[in-house]
There are 2 protein chains.
Amino acid sequence: MGEFDLINRYFKRPPTGAVVLGVGDDCALLQPSPGMRLAISSDMLVEGRHFLSTVDPFKLGHKALAVNLSDLAACGAKPLAFTLALALPRADAAWLEPFSRGLLALADAHACPLAGGDTTRGPLNICITVFGEVPPDQPLLRHRAQPGDDLYVSGQVGDARLALEVFRGTRSLAADAFTAVRARMEQPTPRVALGMALRGIAHAAIDVSDGLLGDLHHILNASNCGATVDTVFVFSSDATSATLKQLPPALALDCALAGGDDYELVFTAPAAARSAVQAAARSSQTPVTRIGQIDAEPGLRLLDAAGRPLTQRFGAFDHFA
Amino acid sequence: MGEFDLINRYFKRPPTGAVVLGVGDDCALLQPSPGMRLAISSDMLVEGRHFLSTVDPFKLGHKALAVNLSDLAACGAKPLAFTLALALPRADAAWLEPFSRGLLALADAHACPLAGGDTTRGPLNICITVFGEVPPDQPLLRHRAQPGDDLYVSGQVGDARLALEVFRGTRSLAADAFTAVRARMEQPTPRVALGMALRGIAHAAIDVSDGLLGDLHHILNASNCGATVDTVFVFSSDATSATLKQLPPALALDCALAGGDDYELVFTAPAAARSAVQAAARSSQTPVTRIGQIDAEPGLRLLDAAGRPLTQRFGAFDHFA
C-alpha cells in the first residue's frame, strides 16, 4: 500500500461543511462564516508518552481528535475542520482501519471533517491541528478571570489518572471499575457544546490536560489573581466518580487535582451568572460543579472538608520537567 | 528547562498581522481578511527521512516552514500564520536556539507569524500547519489543467537531489558546487510571491516535493489529461544549474525530473497568457521556464533534445512504497 492509496482508502472523504476543498491538493480550502474569528489548536501525540503501545487504535483515533476538540471547547469555538499529520512505522491496514474509523466517528459527531494533512514513515506520531470559529467578542480566554468569580469544573476529574495507575501496577481495581476509568482515559469527551454554551457567560476557561490545579494555575497567572478551591468536592460532589471516592483520601485528591488527561473544562464566571451557568450545563447536557472562587490575592489556597487549609502538595505534568 | 520556559524562551512573540491571539492560550485566534478563503497545509518532517541528523538546526528551522509555505505558494495563497508541533528527545538549548532562529527568520520574511502549537518529548518530529488566504475564485488547483496549456517550472530543479547523492556517497562535487547544491536541499525557497502573482493566470499548479514528473502526474490525474515534456530544458535552459548540466546526461535527467525536494512550482497556463506569465515571473523576481504542454491524450510523453520519445524511466518518492 503506497502513500496515496493509504490516504485514499482510509482518510479521503468528499468535502463537507466549511471545507470547500479537502484531502488531495496542496492545500485544503476552508470557508469560515463571515465575521467569525478562526480558533486554531495543534496537539501532537507520541507513543509511550500520550498513549500506550497496547491501546486499541479505534480509541486512539478518538482520543487524538478529542484532545484537540477539547482546546476548541476551552475557547468556546465551534469546530469546522481538522488536519492530520501521521508518522507511521509502516502502512499497516490492521492499525489504520480502526484508527481512521475512531477518528472519523468523532469527527462526524462534531461535524468537523478531515480537511487534509500528511503521511510519512517514522516513529508513530499523530499531529492534529483543529480549526473552529468563534464570534470576535466572545472567546473564552485564560486571562479574563476576575476576583469574586466562581470557579467550576465540568464532568468528572481523576478517573483518567486512576486508570493510568492501574496500568502502571500501583493500584488494582475490580474489572467493572477499571473498564469505566479506562474509558475516561482512552476516550475522553471533549466539552464542545458546553464551551459554546458558555460564550458570553464564562470569563475564563481552560481544558484539563496536565491536571486541574496545574491548568488552573495558567488561568491565575494569565489573569493576575489567585483562587480558593474547596477540595471537599472530590469526596462529596458529582465531579468525581464513586470509584475515585473509594480510594485513600490523599490518593483521591491527587488523582482529581493533579491527575491530568481529563479533558474537562475549568472555568470562571461571575457569581451573578450562576443560573446562566446551570442553564448552559443543562442545554449542553454537561454537568458542572462549583469548586471554589477566584481571589484578588495571588496564589492557590486549598481548603479541606472542614474549611481548613490543606497542606498536601500537587504537581502538574510537564513534558520536559 | 520546562515545557513552558522552552515555549516562552524560543517561540513566544507578541501577536501580529492576522494573529489576534498567539502562543499561550488553548487556541490561537486568527482574523482572515473578509471574503477570503482559508488555505491550509500540514507537513511533518521526521529525522532520517526528511533531513539528516547532521543538519544545521538553523537550516532545518528554515526548511520546516519553507516546505509548508511552498504548499501555500502552489495554491496562490498569501501566508497568514502557522502552528508548530514539536517532539524533541530533550530540551536542548544548543538545538532550540538556532532552530527557532531559522524558523522565525523565514516566518518574518513572509510576514507569517507563529500562532501556537505544542511541544512534547519524543523522537524528533517537526509538524507545521500553515494558514494562508486566497480569493474564492482564484486558487491554483491541481484539477484545472487544460489541453493546450503551456507547462512551466519555476527556478531550478535537480540540485537538491544531487546534494543528497553526494551525502549518500554516490557522487562527489567540488567544494563550491557542493555548497551551492546543498543550500538548495537544506534551504529551499518557497515561491510564495510567484504563486500569488499567478492568480487568475495559471490554471493548475503544484509544488515539487516528490519529483517534477511525479508531482506533474498529480496534475494530470486530477485534470484527466496528459502532457509532453521537452527534456532539453534540463541541458539548455536556466531551469537547471551549471553543476547539474555537467553530470552524465542520464543522471542529470534523473535529478531534474525525479529528484524531489526542489520546492519549485510546476504550473500550467493557456498559451494566450505567455506574456502574463512572464510579467508574473518578473514581478515576483522568480524565473520560470516553459518545459512542455498539456495534451488531451492521457499519459506523459518525454522528448529528447531532437524531439524523439525518451525511454528512460523515472519514479517519484513515496513514503510507503
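Worth saying up front: this structure is predicted, and the values here are computed from it rather than measured.

Trainee: Please clarify how the overall build of chain A should be interpreted in this entry.
Mentor: Summing up its helical and strand segments, chain A has eleven helices and twelve strands in all. Taken over the C-alpha trace, chain A has a radius of gyration of 20 Å; the compact-globule value for 321 residues is 20 Å, and the two agree within 12%. Reported as C-alpha extents along the three principal axes, the dimensions of chain A are approximately 65 × 50 × 35 Å. Here chain A holds 321 residues, and the buried ones make up 56% of them. The long-range fraction of contacts in chain A, counting pairs at least 24 apart against all pairs at least 6 apart in sequence, stands at 85%.

Trainee: What is the right way to read the nonpolar core from this model?
Mentor: Nonpolar side chains in soluble globular proteins generally cluster together in the buried interior. Ranked by size, the top nonpolar core spans 208 residues in total, and within it Leu30(A), Phe82(A) and Leu30(B) carry the most contacts. The contacts of Leu30(B), once residues within four sequence positions are left out, are Arg37(A), Leu38(A), Ile40(A), Ala18(B), Val19(B), Val20(B), Leu80(B), Ala81(B), Ala115(B) and Phe131(B).

Trainee: Looking at this structure, how should I read helix α5 (residues 175-186) of chain B?
Mentor: Since the α-helix packs 3.6 residues into each turn, any two residues three or four apart lie on the same face. Residue and element names in this part refer to chain B. For α5, which comprises twelve residues, the first-to-last C-alpha distance of 16 Å matches the rise-based estimate of 16 Å (1.5 Å per residue) to within 8%. Here α5 has its buried residues at Val 181, Arg 182, Arg 184, Met 185 and Glu 186. On its buried face, α5 sits against α2 (57-75), α4 (159-168) and α9 (242-245).

Trainee: Would you explain the packing of helix α4 (residues 159-168) of chain A against helix α5 (residues 175-186) of chain A in this entry?
Mentor: Any two packed helices are characterised by the angle at which their axes cross and by the distance between the axes. All names here are of chain A. Between α4 and α5, the least distance of the axes is 7 Å, while the angle of their chain directions is 115°. Relative to α5, the element α4 lies roughly perpendicular. Between α4 and α5 lies a crossing of left-handed hand. Between α4, through Asp 159, Ala 160, Leu 162, Ala 163, Leu 164 and Val 166, and α5, the contact on the second element is made entirely by Phe 178, Val 181, Arg 182, Arg 184 and Met 185.

Trainee: Whenever I open this one, the environment of Ser283(B) confuses me. Can you help?
Mentor: Along the chain, the position of Ser283(B) falls in helix α11 (residues 274-283). Taking the C-alpha atoms as reference points, Ser283(B) and Phe235(B), 48 residues apart in sequence, are found 26 Å from one another.

Trainee: Looking at this structure, I do not really get unusual backbone geometry. What am I missing?
Mentor: Excluding glycine, a negative phi dihedral is what most residues carry, and trans is how most peptide bonds are arranged. A positive phi angle, near 50°, is found at Gln285(A), a position not held by glycine. Within the secondary structure layout, Gln285(A) lies in the loop between α11 (274-283) and β11 (288-295). Here the phi dihedral of Asp261(B) falls at roughly 65°; this positive angle occurs in a residue that is not glycine. By the secondary structure assignment, Asp261(B) is in the loop between α10 (249-258) and β10 (265-269). A residue is classified by how many C-beta atoms lie within 10 Å of it, and Asp261(B), with 23 of them, is buried.

Trainee: Just to check I follow, could you spell out the relation of the copies chain A and chain B for this structure?
Mentor: Two chain copies here: they are related by a rotation about an axis and a translation along the same axis. Overlay of chain A on chain B (RMSD 0.0 Å): rotation 180°, translation along the axis 0.0 Å. Within this description, the copies of the chain are treated as partners about a two-fold rotation axis. Taken together, the interface assignments show that 100% of the residues at the interface of chain A recur at the interface of chain B, consistent with an identical surface on both copies.

Trainee: Is there a simple way to think about the interface of chain A and chain B in this case?
Mentor: Quoted interface sizes are often the accessible area lost when the parts come together. Of the residues lining the interface, 54 residues belong to chain A; the matching set on chain B comes to 54 residues. Of all the secondary structure elements, the ones that give two or more residues to the side of chain A that touches chain B are α1 (3-10), β2 (28-30), β3 (37-46), α2 (57-75), β4 (78-88), β5 (114-121), β6 (125-134) and β8 (204-207) of chain A. Broken down by element, the side of chain A that touches chain B gets its largest block of residues, nine residues, from β3(A). A per-class count over the side of chain A that touches chain B returns 29 nonpolar, 13 polar and twelve charged. As judged from the three bridges shared by β3(A) and strand β2 (residues 28-30) of chain B, these two strands associate in the antiparallel manner. Within β2(B), the position partnered with Ile40(A) by the bridge is Ala28(B).

Trainee: Which parts of the structure should I look at to understand the sheet that holds strand β9 (residues 226-230) of chain B?
Mentor: Through backbone hydrogen bonds, the strands of a sheet pair up, either in parallel or in antiparallel fashion. Residue and element names in this part refer to chain B. Ordered in space as β8-β10-β7-β11-β9-β12, the six strands form an open sheet in which the pairing is mixed. Edge positions in the open sheet fall to β8 (204-207) and β12 (299-303), since each of these has one partner strand only. The mean angle between the axes of side-by-side strands here comes to 25°, regardless of whether they run parallel or antiparallel. Relative to strand β11 (residues 288-295), strand β7 (residues 150-154) runs antiparallel, the two being bridged by five bridges. In the sheet register, Tyr 152 faces β11, and the bridge partner there is Arg 290.

Trainee: What am I meant to see in the sheet that holds strand β7 (residues 150-154) of chain A here?
Mentor: Residue and element names in this part refer to chain A. If you walk across this open sheet you meet the six strands as β8-β10-β7-β11-β9-β12, and the pairing is mixed. In this open sheet, the two strands that pair with only one neighbour each are β8 and β12 (299-303). Each strand of the sheet is rotated relative to its neighbour by a mean of 25°, with strand direction disregarded. Relative to strand β10 (residues 265-269), β8 is paired through four bridges, and the arrangement is antiparallel.

Trainee: Mind showing me how you'd approach the confidence of the model for chain A here?
Mentor: One rule of thumb: low pLDDT means the predicted coordinates there are not for detailed reading. A residue-level look at chain A finds 96% of positions with pLDDT of 70 or above and a mean pLDDT of 90. The spread of mean pLDDT over the elements of chain A runs between α1(A), the lowest at 74, and β7(A), the highest at 98.

Conventions we followed
Residues numbered from 1 in each chain as written. Chains lettered and ligands numbered in written order. Predicted model: local features only at pLDDT ≥ 70, side-chain atom pairs only at ≥ 80, totals over all residues. Helix = DSSP H or I, 4+ residues; strand = E, 2+ residues; numbered from the N terminus. Rg over C-alpha atoms; globule rule 2.2 N^0.38 Å. Buried ≥ 20, exposed ≤ 12 C-beta atoms within 10 Å, placed from the backbone. Contact = placed C-beta atoms within 7 Å. Core = buried A, V, L, I, M, F, W, Y, C linked by C-beta atoms within 7 Å. Expected span 1.5 Å × (residues − 1). Axes fitted to C-alpha atoms, helices over the stretch in contact; angles between N-to-C directions. Parallel < 35°, antiparallel > 145°, perpendicular 65-115°, else oblique. Left-handed = near helix turned anticlockwise from the far one by under 90°. Least-squares fit on C-alpha atoms with pLDDT ≥ 70 in both. Nonpolar A, V, L, I, M, F, W, Y, C, P; charged D, E, K, R; others polar. Pairing = 2+ DSSP bridges. pLDDT = per-residue confidence, 0-100.

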